[in-house]
Amino acid sequence: MLADRWNVTDAETRRRYPCDEIVAAPALEAWRGVTVATPPERVWPWIVQIRVAPYSYDWIDNLGRRSPQRLLDLPDPVVGDFFTTAAGRSTGRVLAVAPGEHLTARIMGTVMSYVLVPQERSTRLLLKLVTRRSGRLGPLLCLGDLVMARRQLLNLARLAQQDGTQ
């Protein structure tokens, strides 16, 4: 499908993600990934911080308010917490979490898992999205998500790397 993969390997698309346990037979799957030049313990706090801002294109999904550029020392999310804040409103729900390893949430009918994979001197930050319904809009949803998720992952990587050098 158009735009279902960005910056991921075939092996990363074949691995199991926590969202696969929630949506067993998805109509749409999409994978995104970025290598972050810092260990997972420096990336995880930025994943936790998605609850206060989307870290994508703030002028689109955050009513022009800039996503925080410093860590807010938030506690790890728990199942049932709101997932993120967009357009000034809390939205989505955390479905599963393993601190330092993955965060899985549902937002607007889509289940997504952010997974941290330790590598030597870096972290692969992987995102998989699954949904039961896509219909004819599936390719458009994938393309729109690709634009937003790519920006989010690149922003989170930049902030985590920057945080590790300060």
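Residues numbered from 1 in each chain as written. Predicted model: local features only at pLDDT ≥ 70, side-chain atom pairs only at ≥ 80, totals over all residues. Heavy atoms only, no water.

## Comments concerning the overall build of the protein chain
Reasoning step 1: Of the regular secondary structure elements, the protein chain holds five helices and seven strands.
Reasoning step 2: Secondary structure elements of the protein chain occur, N-terminal to C-terminal, as β-α-α-β-α-α-β-β-β-β-β-α.
Reasoning step 3: Of the contacts made within the protein chain by residues no fewer than 6 positions apart, 64% connect residues no fewer than 24 positions apart.
Reasoning step 4: For the protein chain, the accessible area works out to roughly 8700 Å², and carbon and sulfur atoms hold 54% of it. (Helix = DSSP H or I, 4+ residues; strand = E, 2+ residues; numbered from the N terminus. Contact = heavy atoms within 4.5 Å. Areas by Shrake-Rupley, 256 points an atom, 1.4 Å probe, with all protein chains shown as cover.)

## A closer look at unusual backbone geometry
Reasoning step 1: Of note, aspartate 73 is a non-glycine position whose phi angle comes to about 55°, a positive value.
Reasoning step 2: Tracing the backbone through its elements, the reader meets aspartate 73 in the loop between helix H4 (58–61) and strand S3 (82–86).
Reasoning step 3: Even without a glycine there, the phi angle at arginine 121 is positive, about 65°.
Reasoning step 4: In this fold, arginine 121 is placed in the loop between strand S6 (110–119) and strand S7 (122–131).
Reasoning step 5: On the basis of relative accessibility, which here comes to 72%, the residue arginine 121 falls in the exposed class. (Buried < 20%, exposed > 50% of the residue type's maximum accessible area, 1.4 Å probe, protein only.)

## A few points about the pattern of salt bridges
Reasoning step 1: Tallied over the full model, the rule gives six salt bridges.
Reasoning step 2: Ionic pairing is found between arginine 5 and aspartate 10, a salt bridge with its closest N-O pair at 2.8 Å.
Reasoning step 3: With relative accessibility at 46%, the residue aspartate 10 sits in the partly exposed group.
Reasoning step 4: In this structure, glutamate 12 and arginine 124 form a salt bridge, with 2.8 Å as the shortest nitrogen-oxygen distance. Placement of glutamate 12 in helix H1 (residues 10–14) and of arginine 124 in strand S7 is noted, with a sequence separation of 112 residues between them. The same class applies to glutamate 12 and to arginine 124, which are both buried. (Salt bridge = Lys/Arg side-chain N within 4 Å of Asp/Glu carboxyl O.)

## Regarding the packing of aromatic side chains
Reasoning step 1: Per the counting criterion, the structure on display carries two aromatic pairs.
Reasoning step 2: Plain terms: the ring middles of tryptophan 46 and tyrosine 55 are 6.1 Å apart, the flat faces sit at 85° to each other, and that makes the pair edge-to-face. Take tryptophan 46 and tyrosine 55: they sit in the same class, and that class is buried.
Reasoning step 3: Here the aromatic rings of phenylalanine 83 and tyrosine 114 are separated by 6.2 Å at their centres, their planes lie at 35°, and the arrangement is tilted. Pair noted here: phenylalanine 83 is in strand S3 and tyrosine 114 is in strand S6, with a separation of 31 residues, a long-range link. Both residues of the pair, phenylalanine 83 and tyrosine 114, belong to the buried class.
Reasoning step 4: Between the NZ or CZ atom of arginine 5 and the centre of the ring of tryptophan 31, over which it lies, the distance is 5.7 Å. (Phe/Tyr/Trp six-rings, centres within 6.5 Å; stacked < 30°, edge-to-face > 60°. Lys NZ or Arg CZ within 6 Å of the ring centre and 35° of its normal.)

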